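# Coordinate inspection notes
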Amino acid sequence: DLPIGMDARVAGAWILVDTSASMSAIQEGEQRMAAARREVAQLVDVVQRASSQPGICWRLSAFDQERRDLLSSRDPEALRRLLVDLEPRPLGTDLALVRGPADATADPDDACPVSLVAVISDQPAPEWLTERDDLHVIWSDISEPVPNAGFTGLRAARDPLTGRLDNLEVEVRAFGDA
């Protein structure tokens, strides 16, 4: 079934998959990207079963520091084939890139009108998404915390006359068994 509040008249679904470097993190013995691929495949199955519309149009985009539009087709198998080759890139995540598709309204004159947007990422949904009731976006956060350690604070104190570094405080935190 589609999530509560979603209309069964899905004419087009735009799926955006995070391909940032963090999607290469190993989680439960595999890369997060493998979990993202499974999530997309399940979503395609659910939308096809639940939609009352024949010939759903599928859009697939990948995002990290840029959005790459990969597919616009009525063939769900074409989407599945593209998923196989989707890999993380050594870039960060810019969640603002999904705002355009999330704000998009269905245009009946569009060859592939969008009535459902789904985002698959290892990042939580941004505040702008949760603050709006009018957006029909499925946000799937596939991440699970993994043990890690890192710098969480860095404070430098300088001599006001010479500018020389007097003191440097570094804060390091470990999460889990890191």
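Residue positions are counted from 1 within each chain, in the order its sequence is given. Two thresholds apply to this predicted model, a pLDDT of at least 70 for residue-level local features and 80 or more for giving and counting side-chain atom pairs, whereas whole-chain, interface and lining totals are computed over all residues. Excluded from the side-chain calculation are hydrogens and water; included are all heavy atoms of the structure.

Our focus in this paragraph is the sheet that holds strand 6 (residues 116-121). What makes two strands pair is DSSP finding at least two bridges between them. Secondary structure counts use DSSP, requiring at least four H or I residues in a row for a helix and at least two E residues in a row for a strand, with both numbered from the N terminus. An order of 5-4-1-6-7 is seen for the five strands of this open sheet, with the pairing classed as mixed. Edge positions in the sheet fall to strand 5 (67-73) and strand 7 (137-141), since each has one partner strand and no second. Going across the sheet, the axis of each strand differs from the next one's by a mean of 15°, ignoring polarity. Examined bridge by bridge, strand 6 and strand 7 share five bridges and lie parallel to one another. Within the sheet, the bridge partner assigned to A118 lies in strand 7 and is I138. Throughout, a contact is declared for two residues whenever any of their heavy atoms are within 4.5 Å. Fitted lines through C-alpha atoms serve as axes, helices being fitted only where they are in contact, and the angles separating the N-to-C directions of these axes extend from 0 to 180 degrees. Of the strands in this sheet, strand 1 (12-18), strand 4 (57-63), strand 6 and strand 7 are in contact with helix 1 (residues 32-50), which crosses strand 1 at around 170°.

A few words on helix 1. A helix's residues, less one, multiplied by 1.5 Å, set its expected span. The terminal C-alpha atoms of helix 1 lie 27 Å apart, and with 19 residues this matches the ideal 27 Å at 1.5 Å per residue to within 8%. Between buried and exposed lies partly exposed: a residue is buried under 20% and exposed over 50% of the maximum accessible area for its type, with that area taken using a 1.4 Å probe on protein chains only. Buried within helix 1 we find R32, M33, A34, A35, A36, R37, V40, L43, V44 and V47.

Let us look at the packing of aromatic side chains. Aromatic rings from Phe, Tyr and Trp, taking only the six-membered ring of Trp, are treated as a pair when their centres fall within 6.5 Å; an angle between ring planes under 30 degrees marks them as stacked, one over 60 as edge-to-face, and anything in between as tilted. All chains considered together, the criterion is met by zero aromatic pairs. The lysine or arginine in question, R59, covers the ring of W14, its NZ or CZ lying 5.1 Å from the ring centre. Charge-over-ring contacts are defined here by two conditions on Lys NZ or Arg CZ: a distance within 6 Å of the ring centre and an angle within 35 degrees of the ring normal.

Let us look at the environment of P145. By the secondary structure assignment, P145 is in the loop between strand 7 and strand 8 (148-158). When the C-alpha atoms of P145 and Q27 are compared, they prove to be 8.6 Å apart, with 118 residues separating the residues in sequence.

Moving on, we come to the packing of helix 1 against helix 2 (residues 76-85). Two quantities define a packed helix pair, namely the angle between the helix axes and the distance between the axes. Relative orientation of the contacting elements helix 1 and helix 2 amounts to 175°, with a least axis distance of 10 Å. Taken together, helix 1 and helix 2 sit at an angle that is classed as roughly antiparallel. Listed contacts from helix 2 to R37, V40, A41, V44, D45 and Q48 of helix 1 are P76, L79, R80, L83 and V84. A per-class count over the contact of helix 1 with helix 2 returns seven nonpolar, one polar and three charged. Oblique is the label for any angle not under 35 degrees, not over 145, and not in the 65 to 115 range, which are roughly parallel, roughly antiparallel and roughly perpendicular in turn. The residue classification treats Ala, Val, Leu, Ile, Met, Phe, Trp, Tyr, Cys and Pro as nonpolar and Asp, Glu, Lys and Arg as charged. All others, Gly included, are polar.

For the rest of this paragraph, the subject is helix 2. Along helix 2, the residues classified as buried are P76, A78, L79 and L83. Looking straight down helix 2, one finds its buried side chains confined to an arc of 155°; they lie on one side. Residues of helix 2 that are exposed and point more than 90 degrees away from the buried face comprise R81, V84 and D85. Residues adjacent in sequence count toward polar contacts only when both atoms are side-chain atoms; beyond that, a polar contact is any pair of N or O atoms within 3.5 Å, and within protein one must be able to donate a hydrogen and the other to accept it. Where helix 2 begins, one side-chain oxygen reaches toward the backbone nitrogen of E77, 2.9 Å away; that side chain belongs to D75. It is the directions from the helix axis to the C-beta atoms that the arc portrays.

Any carboxyl oxygen of Asp or Glu within 4 Å of a side-chain nitrogen of Lys or Arg constitutes a salt bridge here. A full pass over the atoms with the stated rule returns 13 salt bridges. Among the salt bridges present, the one from E169 reaches R155, with a minimum N-O distance of 3.4 Å. Of this pair, E169 sits in strand 9 (residues 165-175) while R155 is found in strand 8, placing the two residues 14 residues apart along the sequence. What makes E169 partly exposed here is its relative accessible area of 39%. Connected via shared salt-bridge partners are D64, E66, R68 and R89.

Everything listed is a geometric property; what it means functionally is a separate question.
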